[in-house]
There are 2 protein chains.
Amino acid sequence: MITEKIGNRIRELRKETGLSQEKFAAKIGMDRTYFASVELGKRNISIVNLEKIAVGLDVSLAELFLNI
Amino acid sequence: MITEKIGNRIRELRKETGLSQEKFAAKIGMDRTYFASVELGKRNISIVNLEKIAVGLDVSLAELFLNI
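In this report, the structure presented in the accompanying data block is examined.

What counts, and at which threshold
- Residues numbered from 1 in each chain as written.
- Chains lettered and ligands numbered in written order.
- Predicted model: local features only at pLDDT ≥ 70, side-chain atom pairs only at ≥ 80, totals over all residues.
- Heavy atoms only, no water.
- Phe/Tyr/Trp six-rings, centres within 6.5 Å; stacked < 30°, edge-to-face > 60°.
- Helix = DSSP H or I, 4+ residues; strand = E, 2+ residues; numbered from the N terminus.
- Buried < 20%, exposed > 50% of the residue type's maximum accessible area, 1.4 Å probe, protein only.
- Least-squares fit on C-alpha atoms with pLDDT ≥ 70 in both.
- Contact = heavy atoms within 4.5 Å.

Tallied over the entire structure, the rule returns 3 aromatic pairs over all chains. Pairing A:F24 with A:F35 gives two aromatic rings, centres 5.1 Å apart and planes at 45°, and the pair type is tilted. Remark: A:F35 occurs in helix α3 (residues 32-39) and A:F24 occurs in helix α2 (residues 21-27); sequence separation between them is 11 residues. In this structure A:F24 comes out as buried when scored by relative accessible area, which is 0%. Given the relative accessible area of 0%, A:F35 is considered buried. Judged by centre distance (4.9 Å) and plane angle (5°), the ring pair of A:F65 and B:F65 falls under stacked. Remark: B:F65 occurs in the segment after α5 (61-64) and A:F65 occurs in the segment after α5 (61-64); the pair is interchain, linking two chains.

With an RMSD of 0.0 Å, the fit of chain B onto chain A corresponds to turning through 180° and sliding 0.0 Å along the axis. In the structure described here, the two chain copies are related by an operation that fits a two-fold rotation axis. With an isologous cut-off of 70% or more, the 100% of interface residues of chain B that recur at the interface of chain A puts this contact in the isologous class.

Rendered as structure tokens:
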């Protein structure tokens, strides 16, 4: 399912930043438990939150969706 | 704003299909007025609906977000 694919991709890119879920969520001003559930693929995440995450990962939305 | 950027991109790609908003929305099983408001940039659209639109446009999500 797309929510799981994007969750895995976000986790992969977030790990490359070296930040924990907690530190990354704080960096982008997102609730930690919400962000954790996004990585788990449990959220039908919105475009505004996707953009927030992409900006925090320093990737474009196109890069975020690469191979998805 | 990201909702407007993606709305314009969707409209651009949808016009390339030659289908009207009504016909395209029907093709992907989406409410016509909701789809119209997505193209107008008025919706904080979710990943599941973005995927539905991308599939209907026959593009990947990465292509959908190209240059956005």
